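Spelled out, the chains give:
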Amino acid sequence: MPDAFPIERLKKRADFLACAKAPACARGAVLVQARSRDEAALVRAGFTATRRIGGAVERSRAKRRMREAARLLLPHHARPGFDYVFIARGGATKRPWDRLLDDVKSALIRLAADIEAPSVEASPPPSAGPRPPT
RNA sequence: UCAGACGGCCGGGCGGUCGCGGGCCCGAAAGGGUUCGAGGAAAGUCCGGGCUCCACGACGGCAUGGCGGCGGGUAACGCCCGCCGGGGGUGACCCCAGGGAUAGCGCCACAGAAAGGAAACCGCCCUCGUUUCGGCGAGGGUAAGGGUGAAAGGGUGCGGUAAGAGCGCACCGGGCCGCUGGUGACAGGGGCCGCAUGGCAAGCCCCGCUAGGAGCAAGACCGAAUAGGGAUUCCGCGUUCCGGUUCGCCGGGACAGGGCCGCCGCCGGCCCAGGGAUCCGGGUAGGUCGCGAGAACCGUCCCGCGAGGGCCGGUCCAGAGGAAUGACCGCCGCGUUCCCGCAAGGGGGCGGCACAGAACCCGGCUUACAGGCCGUCUGAUCUU
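Residues numbered from 1 in each chain as written. Chains lettered and ligands numbered in written order. Predicted model: local features only at pLDDT ≥ 70, side-chain atom pairs only at ≥ 80, totals over all residues. Heavy atoms only, no water.

S.K.: Lay out the protein's contact with RNA strand B with the relevant residues and their values.
M.R.: The local shell around RNA strand B holds 17 residues, among which Arg9, Leu10, Thr48, Arg65 and Arg67 are the closest. Of all RNA strand B atoms lying within 4 Å of any protein atom, the proportion belonging to sugar or phosphate reaches 65%. In the model, a base nitrogen of RNA strand B is placed 3.2 Å from a nitrogen or oxygen of the Thr93 main chain. For the surface near RNA strand B, the secondary-structure elements that each account for two or more residues are α1 (13-20) and α2 (56-77). For the surface near RNA strand B, the leading source of residues is α2, giving 8 residues. (Near = heavy atom within 4 Å. Polar contact = N/O pair within 3.5 Å; in protein donor to acceptor, adjacent residues only side chain to side chain. Helix = DSSP H or I, 4+ residues; strand = E, 2+ residues; numbered from the N terminus.)

S.K.: Run through the nonpolar core, naming residues and quoting values.
M.R.: Core analysis: the biggest nonpolar cluster contains 28 residues, and Val32, Leu74, Tyr84, Phe86, Ala88, Val104 and Leu108 have the highest contact counts within it. The set of elements that each furnish at least two residues to this core consists of β3 (30-36), β4 (43-48), α2, β5 (82-88) and α3 (97-116). (Core = buried A, V, L, I, M, F, W, Y, C linked by side-chain atoms within 4.5 Å. Buried < 20%, exposed > 50% of the residue type's maximum accessible area, 1.4 Å probe, protein only.)

S.K.: With reference to specific residues and values, describe the side chain of Asp83.
M.R.: Along the polypeptide, Asp83 turns up in strand β5. Within the local environment of Asp83, its side chain forms a polar contact with the side chain of Arg44, the two groups lying 3.0 Å apart.

S.K.: Report on the pattern of salt bridges, specifying residues and quantitative values.
M.R.: Per the stated rule, a full pass over the model turns up 5 salt bridges. Across the pair Arg44 and Asp83 runs a salt bridge whose closest N-O atoms are separated by 3.0 Å. In this pair, Arg44 sits in strand β4 while Asp83 sits in strand β5, placing the two residues 39 residues apart along the sequence. Of the charged contacts in the structure, one is a salt bridge between Glu68 and Arg71, with a shortest N-O distance of 2.8 Å. Here Glu68 pairs with Arg71, and both are found in helix α2, just 3 residues apart, close to one helical turn. Take Arg71: its relative accessible area is 54%, and that puts it in the exposed class. (Salt bridge = Lys/Arg side-chain N within 4 Å of Asp/Glu carboxyl O.)

S.K.: Can you tell me about α2, naming the residues and giving the values?
M.R.: What sets the pattern is the α-helix's 3.6 residues per turn: residues three or four places apart point alike. A rise of 1.5 Å per residue sets the reference length of α2, with its 22 residues, at 32 Å; its end C-alpha atoms lie 30 Å apart and thus fit the reference within 8%. In α2, a bend of some 35° at Arg71 exceeds every other bend along the element, and Pro75, a proline, comes one to four places later. Those residues of α2 that sit buried are Ala62, Arg65, Met66, Ala69, Ala70, Leu73, Leu74 and His77. (Expected span 1.5 Å × (residues − 1). Bend = angle between axes of the 7 residues up to and from the residue.)

S.K.: I'd like to hear about the environment of Lys94, residue by residue, with values.
M.R.: Along the chain, the position of Lys94 falls in the loop between β5 and α3. Between the C-alpha atoms of Lys94 and Glu58, which are 36 residues apart in sequence, the distance is 9.6 Å.

S.K.: How would you explain the sheet that holds strand β1 (residues 7-9) if you had to name every residue and give the values?
M.R.: Taken together, the 5 strands give an open sheet; going across it, the order is β1-β4-β5-β3-β2, and neighbouring strands pair in mixed fashion. At either margin of the open sheet sits one strand with a lone partner, and together these are β1 and β2 (24-27). Recorded for the sheet is a direction-independent mean angle of 25° between the axes of neighbouring strands. Bridging between β2 and β3 involves 4 bridges; their strand directions are antiparallel. Bridge pairing in β3 links Cys25 to Val32. (Pairing = 2+ DSSP bridges. Axes fitted to C-alpha atoms, helices over the stretch in contact; angles between N-to-C directions.)

Laid out in structure tokens, this is it:
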């Protein structure tokens, strides 16, 4: 099992705006943004569904599904000290659950790889990096 | 049995694993336990209230918005119930923006001769002239008929007439005035008036009633960083008059200017009016409250035709704040589809399976809604 680190919800509008300029990765029905905070080993996650998704029912469902996916996958694939924002895209409510999990997982892995690659000295790697999917 | 009218209700169920938000309990904490956790429309934000802050000086006038048969219900309503009137339907029932059109202005397209104190296109009738005896022309009468139109100046019948016409009469319609019944809207009946006086008020308008404004991002409290307010002080300080003066200005009086209280009038009230330094209080980010025991819900009984009201007993029923009610699995139900079967039926696949997510709270209205259930009634048809 990976390292245990606390996961909190992102609630301030300013945090969301800051993440909007961070690197992002779109996979299937979701778009994930990741932003480094250079702080304690804490992961924060926020969820957004715009009006383009549909009415209130559709938007709530999209957020709940993304939240459930994040609950299952973040402990394995998140980097401590990062804020993640999940943005629902078209079809986020209709996509089969397995496919939605794959979308989120591959997006998280891709973001982790991008963080690792370009600047090595940016942040000292923790004891164990994100585990590749098995 | 079929077709239909009206009213009411439900709107997936059970179980398991992992999670989420609130309350309570245990614990030093980490955490654990327990319990509750979306709708009939939570929606649109269209009305009415509660609650909160602001504005609230009185009088007169003006302006603006809303409502509009009558009587009830209600905290209130533009809602609901009952009734009246009009219209539709064989019927159960349904529909009505339902005050005033002899207070006034305005409009009535197209067609039509004429669209509101009317009008002669085709007709009809009379007189005169003319005639090739078919008619034709001129003058006049006439709104019964044709034609136009959404609508043609009451309708039908009889009389009357040259032909016609409320010209006369009867009935219906209309207006005015009593009477009777009804709380009332109205209804019934009587007398008088032959009766130019259509429609649109959802064009303006008139009448009556009624109405402050904004909204929980209301508002209250606690409160960082940075930029703006109050007190003191220094410099400065409109016009004019008087006095003083160390010529820097100072003191007193009068007059002003701008803005606000919906507008106007009138009296009235309030606020503002330069720059620098020192000190002190507000507000923003953020946090806490507001934030759910109520015009509450359930049940018996009583009053009322009904909307609804009352007594008693019982229940506690979401409170988030980037916003909790979710993910997956099994069985059943539902829909759809395929296979086997003569049939009854059996088996399988697919489908998060109607509309839709609380955001201060209630009462309504409106709109959306797969499928299904119950009750009352009507019209046919069949059987007895």
